[in-house]
Each structure stands twice: as structure tokens, then as C-alpha cells.
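# Architecture at a glance
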Amino acid sequence: MKNLVLNSLHGLGFTSALRSRKKDKVTVLSLHRISDERNAFWNPIRPDTFNQLLVYCKKNYNVISFSDLGNLKPSDKPDLILSFDDGYYDFYEYALPLLVKHNLSANHNIVNVCAENQ
């Protein structure tokens, strides 16, 4: 039922209307993990779902990085930053190859203590 409602709203142009209201704003999409492995504490996004998300973002948003904020160019699409909040290794295994495939940038925060202890 939820998917039916969401697909109907999208088909009616509701999502386009919401995006158009964000013309002068930047959206930051906070992501956590991309992996096929399930986790009891935080289920990751599956790589195939992440790939679909990137296709959607590339089509409907101007995907930028934080360093682009100082010199934004006019665009017919709203700006979006993809940001990963932890430095999990699965970013390199799953997310990075898909970001490269779609030629998209992302912010990847590294937790120093985690990186030092691996």
C-alpha cells in the first residue's frame, strides 16, 4: 500500500514540485553503510538499491561536494550532497565503485580511532 501511494504521488508530479521548491537550497543526504551483509544494529543499503538511488539522484539532482558550496553554478536541478557519516570499509568495497561508475562525488567521514584499530 505504501509503495502504491508513493508511486502515485511521484506519477502525479508531486516529487518534482517538492524538488522545484529547493532551487536555492542544498540537500545533504546522510548515508551510513552500503553492503549485502545484514546487521542487527544498522541494516545497510544493498548495493543494487544504492545503484538505483544514484541513478535517481543523477537524473533529478545536481550532485555536488561540500567543496563546491563556495562556487555553485545555476542549474535547473536542486543541489544534493551525498555524505557517509562513518568510515566503514564497505564504502570502498561497494559505494565507491558505484560512485565512480556514475561519475558522482560523495563526502566520506573517517572515524580516526576506527581506522587506526583495523
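Below is a short write-up of the structure. Just so you know, these numbers come straight off a predicted model, no measurement behind them.

Here the focus is the overall build of the chain. Summing up its helical and strand segments, the chain has five helices and four strands in all. When the helices and strands of the chain are read in sequence order from the N terminus, they spell out α-α-β-α-β-β-α-β-α. A total of 118 residues make up the chain; the buried ones form 28% of that total. In the chain, of all internal contacts separated by at least 6 residues, the share reaching a separation of at least 24 is 53%. Of the roughly 8200 Å² that the chain leaves accessible, carbon and sulfur atoms contribute 55%.

With their axes 10 Å apart at the nearest point, helix α3 (residues 47–60) and helix α4 (residues 90–101) run at an angle of 30° to one another. Judged by the inter-axis angle, α3 sits roughly parallel to α4. Every pair of crossing elements has a handedness; the one defined by α3 and α4 is right-handed. Of the residues in α4, those touching α3 at Pro47, Phe50, Asn51 and Leu54 are Tyr94, Ala95, Leu98, Leu99 and Lys101. A per-class count over the contact of α3 with α4 returns seven nonpolar, one polar and one charged.

Below, the discussion takes up the pattern of salt bridges. In the structure shown here, the tally under the stated rule is two salt bridges. Where Asp90 meets Arg33, a salt bridge forms, and the shortest distance between an N and an O atom there is 2.8 Å. Of the two residues, Asp90 is situated in helix α4 and Arg33 in the loop between β1 (26–31) and α3; the sequence distance between them amounts to 57 residues. One salt bridge in this structure joins Arg46 and Asp48, with 3.3 Å as the shortest N-O distance. Residue class for Arg46 comes out partly exposed when judged on its relative accessible area of 41%. Relative accessible area serves as the criterion here: at 40%, Asp48 is assigned to the partly exposed category.

Taken together, the side chains of Val26, Val28, Phe66, Leu69 and Leu72 make up a nonpolar region of the molecular surface, amounting to roughly 370 Å² of accessible area. As for its position among the elements, Phe66 is in the loop between β2 (62–64) and β3 (79–84). The exposure class assigned to Phe66 is partly exposed, which follows from its relative accessible area of 39%.

What follows covers the side chain of Ser65. Following the sequence through the fold, Ser65 ends up in the loop between β2 and β3. There is a polar contact of 2.9 Å between the side chain of Ser65 and the side chain of Ser67. Ignoring any residue separated from it by four or fewer positions in sequence, one finds Ser65 in contact with Ile81 and Ser105.

With 15 residues, the main nonpolar core has Phe50, Leu54, Leu82, Phe84 and Leu99 as its most contacted residues. When contributions to this core are tallied by element, the ones reaching two or more residues are α3, β3 and α4. Excluding its chain neighbours within four sequence positions, the residues that come into contact with Leu82 are Leu29, Leu31, Leu54, Cys57, Val63, Ile64, Leu99, Ser105, Ala106 and Asn107.

Cut-offs used in this document
- Residues numbered from 1 in each chain as written.
- Predicted model: local features only at pLDDT ≥ 70, side-chain atom pairs only at ≥ 80, totals over all residues.
- Heavy atoms only, no water.
- Helix = DSSP H or I, 4+ residues; strand = E, 2+ residues; numbered from the N terminus.
- Buried < 20%, exposed > 50% of the residue type's maximum accessible area, 1.4 Å probe, protein only.
- Contact = heavy atoms within 4.5 Å.
- Areas by Shrake-Rupley, 256 points an atom, 1.4 Å probe, with all protein chains shown as cover.
- Axes fitted to C-alpha atoms, helices over the stretch in contact; angles between N-to-C directions.
- Parallel < 35°, antiparallel > 145°, perpendicular 65-115°, else oblique.
- Left-handed = near helix turned anticlockwise from the far one by under 90°.
- Nonpolar A, V, L, I, M, F, W, Y, C, P; charged D, E, K, R; others polar.
- Salt bridge = Lys/Arg side-chain N within 4 Å of Asp/Glu carboxyl O.
- Patch = residues over 30% accessible without salt bridge, like charges linked within 9 Å, V, L, I, M, F, W, Y side chains within 5 Å.
- Polar contact = N/O pair within 3.5 Å; in protein donor to acceptor, adjacent residues only side chain to side chain.
- Core = buried A, V, L, I, M, F, W, Y, C linked by side-chain atoms within 4.5 Å.

Any link to function would need more than the numbers given here.
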